[in-house]
Amino acid sequence: MTRYFNPFRPVCFYCILFLLTAFIACPAASLAADNDTSKSTLSPQVEQALDALLAAANAQSSPKEQDVTSLLRFVAQAHAQKAEKVVPGDRQGKGAFYTAQLSLPLRKLMSYLLTPGIPGEALYPVSVRHNHWEPGSAIFKDSARLIDAPFPPAAPVSLRGIELEETTPDTSSGCFYRYKLNRLFVLAAIDGRTALICVSVMPGKSSIGKKGLIVDESNWRYVYTAEQGTNLSMLGWAETQIYASSGITIYMENAAGGTKTDVAMFKWTRAGWSGMNVVKASHIKAGIKRFIKGLRQVVESPRCPSPAAIVAEAARLQKLDDNALRALLADEAKVLATSKAEGLDDAPYSDAVKDGRYASTLQHEALCAEAVKLWMRKQILGR
């Protein structure tokens, strides 16, 4: 799955002034083309395939097999090329492309990605605060069609759903966001190599960004508040939003029946404030790298619990009342209260964590998410 909406990175004050001036002079609609492929390094066939897959995620339709094949043909060769030279066309914002490799077989990876009872925070602790499938999503009843499908599949197999997601704080602005995602999965093959294509499209804008703080990312510790704004100097007032975001991630066997999984990610994001887009391709790539780092930390670990064990623990925690969940998080809240992390002495974070009260500021959904992440940390990191 493609998750990591982290659009804001350090931007100098004078650059911000320039952007604000440009915004006053130009209508917001002109700041990012809906689909500008003029600067793309991809072939027209691959650009067409990207358009078709994104449209299929929104239109509740299945992409044409020729578009799937065109995309997989490109991805199969991408790892032998210089991925940093690949530039996809803009789509409602700047685009970026990135490749990586995970040290586990695709079949095993799919068992984590496509099991609907696994909350996103269990798999993507660095990027996702909380994620769940919305009721009625086809993945609840049809996930086995992909998880248990023969490798390679004789023809593409599709699956879809709608997710509700909230991010972790951005690495620069501290903002975190909540939004829905239209999701499409396509299991297909090229030259005997099986691939899972994961498409995500935001059908609307995100929530206004709220203030959050990264306390200790290596241990997946974050603080969330109800206050809108950013941690950026002179921009604490800014009401930021993700206006549009979409992504296509391809997880492909490194060889037919291979023990590793090649990853190729396309991502487009438009975000900022007052209708202005401040996202660059370099920002998107930084977010992708953060996403991959967190996913790798989980799924490559020999201590990672089985999908069934994660589902069982998440369900157990969901049934606990808020007092029981806060008791589980009491020691973690004390760690936050005594942390010397930069920014934690500032409002509103000092108020949120003082006297070990952080868990009392959270409601049931957030309490469950924190408890899931704490359990996964103990299993994987041993702490």
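Predicted model, so just to flag it, every value in this text is computed and none were measured. (Residues numbered from 1 in each chain as written. Predicted model: local features only at pLDDT ≥ 70, side-chain atom pairs only at ≥ 80, totals over all residues. Heavy atoms only, no water.)

Trainee: Help me understand the overall build of the protein in this model?
Mentor: If you tally the helices and strands in the protein, you get 13 helices and eleven strands. Expressed as a percentage of its 383 residues, the buried residues of the protein come to 55%. If you take every contact in the protein between residues at least 6 apart in sequence, the share linking residues at least 24 apart comes to 74%. (Helix = DSSP H or I, 4+ residues; strand = E, 2+ residues; numbered from the N terminus. Buried < 20%, exposed > 50% of the residue type's maximum accessible area, 1.4 Å probe, protein only. Contact = heavy atoms within 4.5 Å.)

Trainee: Before we go on, may I ask you to explain empty space enclosed by the protein in this structure?
Mentor: Empty space among the atoms becomes visible once a probe the size of a water molecule is rolled across them. Inspection of the entire model under this criterion finds three cavities of 30 Å³ or more. The set of elements that each furnish at least two residues to the lining of the largest cavity consists of β8 (221-228), α11 (330-338) and α13 (364-380). The element contributing the most residues to the lining of the largest cavity is α13, with four residues. The residue makeup of the lining of the largest cavity, split by class, is nine nonpolar, one polar and five charged. (1 Å grid on protein atoms, 1.4 Å probe; cavity = no way out; pocket = protein on both sides within 12 Å on 5 of 7 lines; lining within 4 Å. Points joined across faces, edges and corners; volume = space filled by probe spheres on them. Nonpolar A, V, L, I, M, F, W, Y, C, P; charged D, E, K, R; others polar.)

Trainee: Just to check I follow, could you spell out the packing of aromatic side chains for this structure?
Mentor: The description of an aromatic ring pair uses the distance of the two centres, along with the angle that the planes make with each other. Within this structure, the stated rule accounts for eight aromatic pairs. Look at Phe176 and Tyr224: their rings are 4.9 Å apart centre to centre, the planes differ by 90°, and that puts the pair in the edge-to-face class. Placement of Phe176 in strand β4 (residues 175-176) and of Tyr224 in strand β8 is noted, with a sequence separation of 48 residues between them. Each member of the pair Phe176 and Tyr224 is classed as buried. Consider the rings of Tyr222 and Tyr224, whose centres lie 6.5 Å apart with planes at 50°: the pair is tilted. Across the pair, Tyr224 and Tyr222 agree in class, each one buried. Members of the aromatic cluster, joined through ring pairs, are Phe74, Phe97, Phe266 and Trp268. Sitting over the face of the ring of Phe151, Arg107 holds its NZ or CZ atom 3.8 Å from the ring centroid. Here Arg129 stacks its cationic end above the ring of Tyr224, 3.9 Å away from the centre of that ring. (Phe/Tyr/Trp six-rings, centres within 6.5 Å; stacked < 30°, edge-to-face > 60°. Lys NZ or Arg CZ within 6 Å of the ring centre and 35° of its normal.)

Trainee: For this particular structure, what's the right way to read the side chain of Glu313?
Mentor: Assignment of secondary structure puts Glu313 in helix α9 (residues 307-319). The exposure class of Glu313 is buried, given its relative accessible area of 13%.

Trainee: Any chance you could explain α11 here in plain terms?
Mentor: For an α-helix, 3.6 residues make a turn, and residues three or four places apart therefore share a direction. If you check which residues of α11 are buried, you get Glu332, Ala333 and Leu336. Within α11, the buried residues cover an arc of 100° as seen down the axis, which keeps them to one side. Turned more than 90 degrees from where α11 packs its buried face, Asp331, Lys334 and Thr338 sit exposed. (Arc of directions from axis to C-beta.)

Trainee: Looking at this structure, how should I read the packing of helix α2 (residues 44-59) against helix α3 (residues 65-78)?
Mentor: Each pair of packed helices can be summarised by the angle the axes make with each other and by the distance between the axes. Running from amino to carboxyl end, α2 crosses α3 at an angle of 120°, the nearest separation of the two axes being 8 Å. Relative to α3, the element α2 lies oblique. Like other packed secondary-structure pairs, α2 and α3 cross with a definite hand, here left-handed. Along its contact with α2, which presents Gln45, Val46, Gln48, Ala49, Leu50, Ala52 and Leu53, the element α3 presents Asp67, Ser70, Leu71 and Phe74. A breakdown of the residues in the contact of α2 with α3 according to their chemical character gives seven nonpolar, three polar and one charged. (Axes fitted to C-alpha atoms, helices over the stretch in contact; angles between N-to-C directions. Parallel < 35°, antiparallel > 145°, perpendicular 65-115°, else oblique. Left-handed = near helix turned anticlockwise from the far one by under 90°.)

Trainee: Looking at this structure, how should I read unusual backbone geometry?
Mentor: Note: most residues except glycine have negative phi, and most peptide bonds are trans. The residue after Phe151, namely Pro152, is reached through a cis peptide bond having omega -10°. With respect to the helices, strands and loops of the structure, Pro152 is situated in the loop between α7 (144-147) and β3 (157-167). In the segment running from Ala347 into Pro348, the intervening peptide bond is cis, with an omega of 5°. Positionally, Pro348 belongs in the loop between α11 and α12 (349-353). One non-glycine residue with positive phi stands out, namely Asp191, at about 55°. Tracing the backbone shows Asp191 in the loop between β5 (178-190) and β6 (193-201). Owing to a relative accessible area of 60%, Asp191 belongs among the exposed residues under this scheme. Here Ser274, not a glycine, exhibits a phi torsion of approximately 55°, which is positive. Relative accessible area serves as the criterion here: at 49%, Ser274 is assigned to the partly exposed category.

Trainee: Sorry if this is basic, but what is going on with the environment of Pro135 here?
Mentor: Looking at the element boundaries, Pro135 is found in the loop between β2 (128-133) and α6 (139-142). Overall, Pro135 belongs to the exposed group, its relative accessible area being 75%. As a C-alpha pair, Pro135 and Glu163 span 28 residues in sequence and 9.2 Å in three-dimensional space.

Trainee: Could you clarify how one ought to interpret the confidence of the model for the protein in this entry?
Mentor: Parts of the prediction with low pLDDT should not have their coordinates interpreted in detail. Mean pLDDT over the protein: 90, with 89% of residues reaching 70 or higher. Long-range and interchain partners of residues 1-34, a stretch whose pLDDT sits below 50, account for 96 contacts in this model, where long-range means more than four residues apart. (pLDDT = per-residue confidence, 0-100.)

Trainee: I would appreciate a short explanation of the pattern of salt bridges in the present structure.
Mentor: One side chain can pair with another of opposite charge once the charged atoms of both are near each other. For the structure shown, the criterion picks out 18 salt bridges. Of the charged contacts in the structure, one is a salt bridge between Asp90 and Lys94, with a shortest N-O distance of 3.4 Å. Overall, the relative accessible area of 16% leaves Asp90 in the buried class. For the salt bridge of Arg290 with Glu217, the shortest nitrogen-to-oxygen distance reads 2.6 Å. Taken together, the residues span a long stretch of sequence, with Arg290 in helix α8 (residues 281-299) and Glu217 in the loop between β7 (210-216) and β8 at a distance of 73 residues. When its relative accessible area of 7% is taken as the criterion, Arg290 is described as buried. Through salt bridges with shared partners, a single network forms among Arg129, Glu166, Arg178 and Glu365. (Salt bridge = Lys/Arg side-chain N within 4 Å of Asp/Glu carboxyl O.)

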